[in-house]
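Analysis of the macromolecular model
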Amino acid sequence: MHPASAKWYDRRDSVFIEFCVVDSKDVNISFDKNKFIFSCVGGTDNVRHENEIELFEAIDENESKHKRTDRSVMCDLRKAQPGKSWPRLTKDKSQPRWLHVDFNNWKEWEDDSEEEMGNFDQFSDMMNNMGGGDFQPDIDGDEDDDTADSDDEKMPDLE
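Since the structure is predicted, the reported quantities are computational estimates derived from the model, not experimental observations.

Membership of the largest hydrophobic core comes to 21 residues, with the highest contact counts inside it found for Ile17, Phe19, Phe36, Phe38, Leu55, Leu77 and Leu89. Not counting residues within four places of it along the chain, the set of residues in contact with Leu77 comprises Asp13, Ser14, Val15, Ile17, Phe31, Phe36, Leu55, Ile59 and Ser64.

Looking now at the sheet that holds strand S3 (residues 25-31). The three strands lie next to each other as S3-S4-S5, forming an open sheet whose pairing is antiparallel. Among the strands making up the open sheet, the edge pair consists of S3 and strand S5 (47-54). This sheet shows a mean twist of 5° between the axes of neighbouring strands, independent of strand direction. Both S3 and strand S4 (residues 35-42) contribute to a ladder of five bridges, which runs antiparallel. Within S4, the position partnered with Asn28 by the bridge is Ser39.

Let's shift gears to the side chain of Asp10. Topologically, Asp10 is positioned in strand S1 (residues 6-10). With relative accessibility at 1%, the residue Asp10 sits in the buried group. There is a polar contact of 2.6 Å between the side chain of Asp10 and the side chain of Lys79. Here the side chain of Asp10 touches Trp86 through a polar contact of 3.1 Å, landing on its backbone nitrogen.

Let's shift gears to the pairing of S1. Most of S1 is tucked away, with four of its five residues classed as buried. Of the strand pairs in this sheet, S1 and strand S2 (residues 14-19) are connected by five bridges, and their pairing is antiparallel. Bridge assignment links Asp10 to a residue of S2, and that residue is Val15. The hairpin formed by S1 and S2 contains three residues between the paired strands. Two elements, S1 and strand S8 (residues 99-101), share three bridges in a ladder whose sense is parallel. In the strand pairing of S8, Ala6 is matched with Leu99.

Here the focus is the environment of Lys91. Note that Lys91 resides in the loop between strand S7 (73-78) and S8. Along the sequence, Lys91 and Leu55 sit 36 residues apart, while their C-alpha atoms lie 5.1 Å from each other. Beyond its immediate stretch of four places on either side in the chain, Lys91 contacts Glu54, Leu55 and Phe56.

Calculation rules
Residues numbered from 1 in each chain as written. Predicted model: local features only at pLDDT ≥ 70, side-chain atom pairs only at ≥ 80, totals over all residues. Heavy atoms only, no water. Core = buried A, V, L, I, M, F, W, Y, C linked by side-chain atoms within 4.5 Å. Buried < 20%, exposed > 50% of the residue type's maximum accessible area, 1.4 Å probe, protein only. Contact = heavy atoms within 4.5 Å. Pairing = 2+ DSSP bridges. Helix = DSSP H or I, 4+ residues; strand = E, 2+ residues; numbered from the N terminus. Axes fitted to C-alpha atoms, helices over the stretch in contact; angles between N-to-C directions. Polar contact = N/O pair within 3.5 Å; in protein donor to acceptor, adjacent residues only side chain to side chain.

Now the structure itself:
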């Protein structure tokens, strides 16, 4: 048996682990409060993979789930204490060779306050609404007002 290559990332309510096994079959996943076990048969050689992880913190084993695709198995481990950041996936400080951080999905969320996120949403809404106002340029050249711009004055002749 070989451990499957995996990558993980942290979110406010969950920790996500993606096991990179192509054409996985016989997928078995065991969610325990402090432990996680993944096993499957995968690839063209039908190699048996098994990974066992002592987790950094407790999870809600009843709310945790997984989804299998042709290229990988994605696991959503629901945190028992949502809102608490996990600096690593494993209880042990040394990281297994088969486990990597998924930097494409990593986000530093623990410094985001609810107020800052609300302000960002308001700013996004404002940016989406810009440009659609009542302003319409005068394309006919007709001017309704009697004011003249300073650049409308005749320039003096050159000597």
